[in-house]
Amino acid sequence: MNYRHAFHAGNHADVMKHYVLSRLIALLSRKEAPFAYLDSHAGIGLYDLRGDQASRTGEWLEGIARLWQAKDVPDPLLDYLEVIRAMNPDGELRHYPGSPELARLLTREQDRLHLNEKHPEDGRLLKENMHGDRRVAVHLGEGWYVPRALLPTREKRALLLIDPPFEQADEMERCVESLSEAIGRMRQAVVAIWYPIKDLRQLRRFFSGLEKSKAPKLLRVELYVHSTDEPTRLNGSGLVISNPPWGLEEELQQILPWLAKLLGQTQGGWRMDWLIEEQSA
């Protein structure tokens, strides 16, 4: 895909990813015990939708702008949407949170955040954007090393987001390796991997690898804005989630059809199934 995320901030894939992330945080927060949030490819954390890069593509107009203007938004989307409203108090949509800022604002005082960014300039901006929050540690290194470097956490619960730029041909394979390593080091960790829906042959290999991973259970969730038969465009996006919290599947069953209708461009759609079903004891 080869991009700096600022060009794509707030697009349909961001809406999908960040809505699901907000629900993972909300469902984990039902228990008082703290959890750690880890972000392997964090980016800079904050984006200007009216800035040069986002303005060049205008992708956010077909993504978060549609949700911003929507009526009768279902309740599970409100945590995510309220963060964006608070960042734009004048009612003019301009500022958009990356996953680090969304997680920072939705987690609690007792939770901790570990944000990793490989690129030095983006890492510097991330540190500036997270400055002043003592719960946040920013790491500058290779994202694929996050599981071995930071897991297991001192908290007994952890949520790891793996969201690489997919600039290299082997990144889907590395996602599978990172999932297996994360689960091997902390079996109860919730691991969410974001992926683009473009080349279906590549995705089939990706899913086959995931099915052989060490995850105790693995939920696949996808949202489409185009038909999936054109490998040269971003037709949609998906998340595979290990150990999804109880209640997530039921919520997604209700929300995904609404989101598919809202965000569909030439054709909206969705699917959800289990790549690995929970094994009975």
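Computed from a prediction, not measured in an experiment: that's the story for all the values here.

Reading the values: the criteria
Residues numbered from 1 in each chain as written. Predicted model: local features only at pLDDT ≥ 70, side-chain atom pairs only at ≥ 80, totals over all residues. Heavy atoms only, no water. Pairing = 2+ DSSP bridges. Helix = DSSP H or I, 4+ residues; strand = E, 2+ residues; numbered from the N terminus. Axes fitted to C-alpha atoms, helices over the stretch in contact; angles between N-to-C directions. Contact = heavy atoms within 4.5 Å. UniProt positions renumbered as here; feature names shortened; annotations may be inferred. Buried < 20%, exposed > 50% of the residue type's maximum accessible area, 1.4 Å probe, protein only. Polar contact = N/O pair within 3.5 Å; in protein donor to acceptor, adjacent residues only side chain to side chain.

### A short note on the sheet that holds strand 8 (residues 218–224)
1) Next: Strand order in the open sheet made by the eight strands is 5-4-1-6-7-9-8-10, with mixed pairing throughout. This sheet does not close on itself; its edge strands, each paired only once, are strand 5 (136–139) and strand 10 (269–276). For this sheet, the mean inter-axis angle between neighbouring strands, taken without regard to orientation, is 15°.
2) Next: Summarising the sheet, strand 7 (residues 190–197) and strand 9 (residues 236–242) pair through seven bridges and their orientation is antiparallel. Of the residues in strand 9, the one forming a bridge with Val 191 is Ser 242.
3) Next: Each of strand 1 (36–39), strand 6 (158–162), strand 7, strand 8 and strand 9 touches helix 1 (residues 12–28); the most contacted strand, strand 9, lies at about 25° to it.
4) Next: Across the sheet, helix 10 (residues 248–263) is in contact with strand 8, strand 9 and strand 10; its angle to strand 10 comes to roughly 150°.

### Brief notes about the UniProt feature "binding site: S-adenosyl-L-methionine" (unreviewed entry) in the chain
1) Next: Mapped onto the present numbering, the UniProt feature "binding site: S-adenosyl-L-methionine" (unreviewed entry) falls on His 18, His 41, Ser 99, Glu 117, Glu 142, Gly 143 and Asp 163.
2) Next: Structurally, Glu 142 is set in the loop between strand 5 and helix 7 (146–150).
3) Next: As for its position among the elements, Asp 163 is in the loop between strand 6 and helix 8 (171–185).
4) Next: By relative accessible area, Asp 163 is classed as buried at 10%.
5) Next: Apart from the residues within four sequence positions on either side, Asp 163 is in contact with Lys 17, Ser 40, His 41 and Trp 194.
6) Next: At 2.7 Å, the side chain of Asp 163 and the side chain of Lys 17 are in polar contact.

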